[in-house]
Amino acid sequence: MRITKIKIYGFGKLYQQSFEIDDSPLVVFKGMNESGKSTLRYFMTYILFGLTKAELIKYQPLVKTIFGGSLTVAVNGEKYVLERTERDTHQLVVTDQHGTICNDFYKNHLPGVSRELFDRVYHFDVFALQQDTNIKPEDIGELLLSISMSGTDAIYHAEKKLKQKIDDLFKKRGTNPVLNQHLSQLEDEKLQLERLASEEEAYQRYLDDRQGLDRELKETYQALSEKKEARETAESLLNAYGLFETYHINKAKIESLNIKAISEEEKKAVDELVEAIEPLETERQSLLHQQAAVKKRKTLLEKEQVSKTHEAALHSYVNQESEIRELLATKQSKKAELAEVTSRINQQMEILSVDLTVEAIAELKLDYGIEKDLERLDQTHRQLSDNYAEVISELKNLAVTGDTITHQIHELEPLVLSETRERLLEKHLSQTESQRDKPFLNQRLDLAVGLLFVIISSLLYAFEYLSPLVMLSLLVFYGIINRVLAYLSTSNVFAEKKSESIEKDRSTHDFEVLEQHKSAKPKLERLTYEWESFEQNLQQKELALEIIKEKQMRLNEAITDYLTRFPFLKATPIGARAELMAVLKTVQQDHEKLINRSLELKTIDETIEAFLDDSKGWVDNYPTESVTHHLEILRRQWVELVHKKQEEKEVVARLEAISNDLNRVTTEVTPLSQSLDDWFAKKAVHNEQMFTHHYQKTKEKEELLEKQRDIETRLLLRLSDEKVESLLEDFSLNEAVLKTEIQTLKNDTIVLEEMIDQLREKIANLNVSINQLETSSAMRNLKFKYSAHREAFNQQAKQYLVYKLSYDALLKTKIAFQTAYLPIILESASDLFKCMTKGRYQAIQFDDVSQQFVVIDGEKKLAVYVLSQGTLDQLATALRFSVAYALKDQMQLPTLIDDSFVHFDPERKKALINYLSTYTTQIFYFTNEEVSSDYCQLFELT
């Protein structure tokens, strides 16, 4: 189980805080005193297992918020949210990643884990060695053994308490223990009772009879105890019968595996040789097959060789192939061109509208560029006509524009003022605006009087002259001034209203006239500029019209000259003359091209016929379908010849390469095969399959031996060492005999129990008779006193028996732990202890004789009580972590470590931190010191 997120709503001094935890094995919370480290540690314990009422009161939030929070944990790839809040009365609510409530989370993932177990094993505290300053050196080993068993000092203290309780109750040859005192007192009272009762003969006889019956009862109890013990032994043997049977079956299998053992290293070495030989042998076989195939091909190629003359002739014809193919392509294109020209001439003659033959057209003298000249004349004619019409249209538009400008100028001229008139109006309007601001002067005078009143009051107050009388005088003065100013303002208002109305009407008229002037003046200036532009455009258009008329006259003269030379153009429209001349010229050119192509085709046919006559002797089934087919046959024969010659060279080179590769592979595989044969001879096998089979049998034998050791350990927990040893050597048990023996012992037990009941009844009858004889008050008082003391003794004896049985069970558990689990824990703890001490101490061992831990320093064994306090803490830390690691398969819980390494030097503390950074389970470390590690996640608390 890994914690991936801590979310605190409110807990002690912490509130509204969240910590995202990554996959680092070590999570460090660093902070000074009072930063909340312990609070955070108890918050995690609170979510996982809850707190006591006193602890809940202690960690009430210091601010008004919800008491509680949540932990997000990941278990086997699934995420769960563990939440406790005061709203749920601090009960744990677990939801999975889909929001479903999981009531059986602890049952499935943390069965049997309690707050006490968590605090003892995972809530890390190594101060147990420092809690008792009077601990003896020889007891340190016992303390460390307790830590190695449970991760804490609980077993050590429990053993000490039990031993102390037992010693307080009873000691052999002791006087002070409680049971010793009771026994002494009971013996004295018993002597007194015997002395009083010896006075009567009958009484003595009864006592003798009771004593005989007591002895017989004791012997019967002894026999019953032996029978029960024998039955328990037989039942233990019956329960362990399967283990003994399995042990001897495995023993027989081990004895049957009479082979030479093969270790992991030897198997690995042989596997490496086989892996190295297999590709080489595969390559060798492949090369041999390739060599045979290549030799066969070489023989066939040597039989298919041709003469040098044949080769030279084919080479010559192939060299001419490209030339002949070009001639064929040229011939084809010439034929196509000839047909195209003939077709084009026919089409052109059909579309011509003149009465001329092809021969007549060929005799015409058509100058170069004549069609372009005619086309230019036609285009110029059309362009001049278009320009003439365009200029005439523009002149009409200019006339309309001139009329519009003249009309607008006549409308705007009355609205424009002279400069003198404009200045007079602006001056009058400015004076009117200044007079409107006069009332504001009275308002400012009001403000000034108020400000003066405030300043005078402040000065009087500052110099402590502001008495109630003075203040009243100032207020009266301020009121009089305000009334005077109000009167003056009212009298001016009536006088000014009339003149203001007249002046306002005049100002409005002047303002409108001035605005019309300002609006009309720029428009008039713009229209004047437009009239000047209009006159210039009109002159330009009239000049352009004269130029166009002159060009039209020169153009008509050039057209008349062409009509004189080619009379058939007179019947042709002006736009089609250039096109007609272009068609006539094209017909002339096509007629000449037709004659040239015919001559070229004749030459090509003669050249191809000469090639065919020369090469027909080398082509089978001549004549062929076509010249192209003829060429393809020659090319195919040449390609086959070249391919065979090239293939022959490649075959020779391939044979040489294969021979080289064979030599190389043989050189590489020979020493490897020799090494493999040596291994097979050493292990008395013939091949790899037998070697692998022997290796598997070796592994099977090791597994059987491991199972035998496990069975021995389990049997030692049930039976005595001598019994286990004898039955492992000679298994003479029979299951049916054991069952019969158990049933017989049960019957004997029932008989003995009935005998005991009868003896007890007889003793009771004798006691009645004895009690009747005991009539004296002294006897009665002494008897009562004796009974009371005996009852007290029985109560203390029962308590002593409970302590003794618990103590014996604890010792037996320690012995079983030392036999079965202590070596595993010590092996893990030794690695960590060696890492922390930088290799100073190589291992931790437990001495069965002295029942003490020792550490290995080179070749020396040191008792742990000679170590320094810091090294003892490191030893206890290693044992504590080993216990937690041993429990990781049963319970996956994070480890919480307070700042517990107070006696560690910096180097050893750094080594431990680095070790924790690679730990397989999650660790939370709370400290106030700097922690440097590349594999930890650091949070700083403030």
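As shown above, the structure is provided for reference.
Residues numbered from 1 in each chain as written. Predicted model: local features only at pLDDT ≥ 70, side-chain atom pairs only at ≥ 80, totals over all residues. Heavy atoms only, no water.

### What about the overall build of the protein chain?
Threshold: Going along the chain from the N terminus, every DSSP run of H or I of four or more residues is numbered as a helix, and every run of E of two or more is numbered as a strand. Working definition: with a 1.4 Å probe on protein chains only, accessible area under 20% of the residue-type maximum means buried, over 50% means exposed, and in between means partly exposed. By definition in these notes, contact holds between two residues if any of their heavy atoms fall within 4.5 Å. Areas reported as accessible are Shrake-Rupley estimates using a 1.4 Å probe. Residue values count occlusion only from the protein chains shown.
When helices and strands are tallied, the protein chain shows 26 helices and 13 strands. Taking all 942 residues of the protein chain together, the buried fraction comes to 35%. Long-range contacts, defined here as pairs at least 24 residues apart, represent 74% of the contacts in the protein chain between residues at least 6 apart. Surface exposure of the protein chain reaches about 58,400 Å², of which carbon and sulfur atoms provide 52%.

### Description of a negative patch on the surface
Operational definition: Patches draw on residues past 30% relative accessible area with no salt bridge. Two like charges within 9 Å are joined, as are two nonpolar side chains (Val, Leu, Ile, Met, Phe, Trp, Tyr) within 5 Å. Here, a salt bridge means any side-chain nitrogen of Lys or Arg that lies within 4 Å of a carboxyl oxygen of Asp or Glu. Charged-residue counts in this description rest on Lys and Arg as positive and Asp and Glu as negative, His and the chain ends being excluded. In plain terms, the charge of a residue is placed at NZ if it is Lys, CZ if Arg, CG if Asp and CD if Glu.
Together, D721, E722, E725, E729 and D730 line one region of the surface with negative charge. Residue position: E725 is located in helix 21 (residues 721-729). Given a relative accessible area of 55%, E725 falls into the exposed group.

### A few points about the packing of aromatic side chains
The condition that has to hold: Think of it this way: a Phe, Tyr or Trp ring, Trp meaning its six-membered ring, pairs with another when their centres are within 6.5 Å, and the plane angle makes it stacked under 30 degrees, edge-to-face over 60, tilted otherwise.
Taken as a whole and judged by the stated rule, the model has 16 aromatic pairs. Ring geometry for F11 versus F43: centroids 5.5 Å apart, planes at 70°, classification edge-to-face. Of this pair, F11 sits in strand 1 (residues 2-11) while F43 sits in helix 1 (residues 37-49); the two residues are 32 residues apart in sequence, bridging distant segments of the chain. Under the relative-accessibility criterion, F11 is labelled buried at 0%.

### Section: the pairing of strand 1
Put simply, the rule reads: A pair of strands is labelled paired if DSSP reports no fewer than 2 bridges between them.
Of all 10 residues in strand 1, seven are buried, a share of seventy percent or more. Looking at chain direction, strand 1 and strand 4 (residues 68-75) are connected through seven bridges and run antiparallel. Within strand 4, the residue paired with K7 across the bridge is S70.

### Structural notes on the sheet that holds strand 9 (residues 852-857)
Our working rule: Between N-to-C directions, angles span 0 to 180 degrees; the directions come from axes that are lines fitted to C-alpha atoms, helices contributing only their stretch in contact.
An order of 8-9-10 is seen for the three strands of this open sheet, with the pairing classed as antiparallel. The two strands at the open ends of the sheet, each matched to only one other strand, are strand 8 (843-847) and strand 10 (860-863). Here the average twist between neighbouring strands, direction ignored, is 35°. With four bridges joining them, strand 9 and strand 10 adopt antiparallel strand pairing. Within strand 10, the residue paired with V854 across the bridge is A863. This element, helix 24 (residues 822-836), spans strand 8 and strand 9 of the sheet and lies at about 145° to strand 8.

### Focus on unusual backbone geometry
Positioned with a positive phi, Q16 is a non-glycine residue whose angle comes to about 50°. Mapped onto the fold, Q16 is located in strand 2 (residues 14-20). Take Q16: its relative accessible area is 57%, and that puts it in the exposed class. Located in the positive-phi region is K838, a residue other than glycine, with phi close to 55°. Relative to the helices and strands, K838 is located in the loop between helix 24 and strand 8.

### Re the packing of helix 24 against helix 26 (residues 906-917)
For clarity, the cut-off: Orientation is classified from the angle alone, with under 35 degrees giving roughly parallel, over 145 giving roughly antiparallel, 65 to 115 giving roughly perpendicular, and any other angle giving oblique. Gly falls in the polar group here, along with every residue not listed as nonpolar (Ala, Val, Leu, Ile, Met, Phe, Trp, Tyr, Cys, Pro) or charged (Asp, Glu, Lys, Arg).
At a minimum axis separation of 8 Å, helix 24 and helix 26 run at an interaxial angle of 135°. With respect to their mutual orientation, helix 24 and helix 26 come out oblique. Between helix 24, through L832, C835 and M836, and helix 26, the contact on the second element is made entirely by R908, A911, L912 and Y915. For the contact of helix 24 with helix 26, the per-class residue count stands at six nonpolar, no polar and one charged.

### With respect to the packing of helix 11 (residues 264-303) against helix 19 (residues 627-682)
As a reminder of what qualifies: Crossings are assigned a handedness: left-handed for a near helix turned anticlockwise from the far helix by less than a right angle, right-handed for a clockwise turn.
At a minimum axis distance of 7 Å, the contact between helix 11 and helix 19 shows a crossing angle of 155°. Our classification of the angle between helix 11 and helix 19 gives roughly antiparallel. When the axes of helix 11 and helix 19 are compared, the crossing they make is left-handed. Partitioning the contact of helix 11 with helix 19 into residue classes produces 22 nonpolar, six polar and 16 charged.

### Remarks on the environment of K37
One can find K37 in helix 1. Residue class for K37 comes out buried when judged on its relative accessible area of 12%. Apart from the residues within four sequence positions on either side, K37 is in contact with F29, G31, M32, F926, T927, N928 and L941.

### Notes on the nonpolar core
Rule in force here: The definition of a nonpolar core used throughout is a set of buried Ala, Val, Leu, Ile, Met, Phe, Trp, Tyr and Cys residues joined through side-chain atoms within 4.5 Å.
Counting 42 residues, the largest nonpolar core has I6, F29, L40, F105 and F924 as its most contacted members. Sorting elements by how many residues they give to this core places helix 1 first, with seven residues. Ignoring anything within four residues of it in the chain, the contact list for F105 reads M1, V73, V75, Y80, L82, V94 and L110. With 31 residues, the next largest nonpolar core counts A829, L867, A878 and I923 among its residues.

### Describing the sheet that holds strand 1
If you trace the five strands from one edge of the open sheet to the other, you get 2-1-4-5-6, paired in antiparallel fashion. Edge positions in the open sheet fall to strand 2 and strand 6 (93-96), since each of these has one partner strand only. In this sheet, neighbouring strand axes are inclined to one another by 15° on average, regardless of whether the strands run parallel or antiparallel. In the sheet, strand 5 (residues 78-85) pairs with strand 6 via four bridges, with the strands oriented antiparallel.

### With respect to helix 20 (residues 688-718)
For clarity, the threshold we go by: Every helix has an expected span of 1.5 Å times one less than the residues it contains. Identification of polar contacts relies on pairs of N or O atoms within 3.5 Å, with a donor-acceptor requirement for protein atoms, meaning one able to donate a hydrogen and the other able to accept it, and with residues adjacent in sequence counted only if both atoms are side-chain atoms.
Its 31 residues place the ends of helix 20 45 Å apart at the C-alpha level, agreeing with the 45 Å of an ideal helix rising 1.5 Å per residue. Those residues of helix 20 hidden inside the fold are in contact with helix 10 (241-256), helix 11, helix 19 and helix 21. By the N-cap criterion, in which a side-chain oxygen at the helix start approaches the backbone nitrogen of a residue two or three places on, helix 20 is capped by N687, the distance to Q689 being 3.3 Å.

### Concerning the environment of R714
For R714, the position within the fold is in helix 20. The exposure class of R714 is partly exposed, given its relative accessible area of 38%. The spatial distance from the C-alpha of R714 to the C-alpha of L243 is 8.6 Å, given a sequence separation of 471 residues.

### Some words on the pattern of salt bridges
Counting across every chain of the model gives 21 salt bridges. Between K267 and D271 there is a salt bridge, with the nearest N and O atoms lying 2.7 Å from each other. Here K267 pairs with D271, and both are found in helix 11, just four residues apart, close to one helical turn. The class for D271 is partly exposed, based on a relative accessible area of 24%. Across the pair E700 and K697 runs a salt bridge, and its minimum N-O distance is 3.7 Å. One end of the pair is E700 and the other is K697, both in helix 20 and three residues apart, which spans about a single turn. Residue classification places E700 among the partly exposed residues on the basis of a relative accessible area of 31%. K697 sits in the partly exposed class, given a relative accessible area of 25%. One continuous salt-bridge network, built from bridges that share partners, spans E283, D661, R664 and E668.

### Quick look at the side chain of E266
If you trace the backbone, E266 turns up in helix 11. Beyond its immediate stretch of four places on either side in the chain, E266 contacts A261, W679, K682, K683 and F691.

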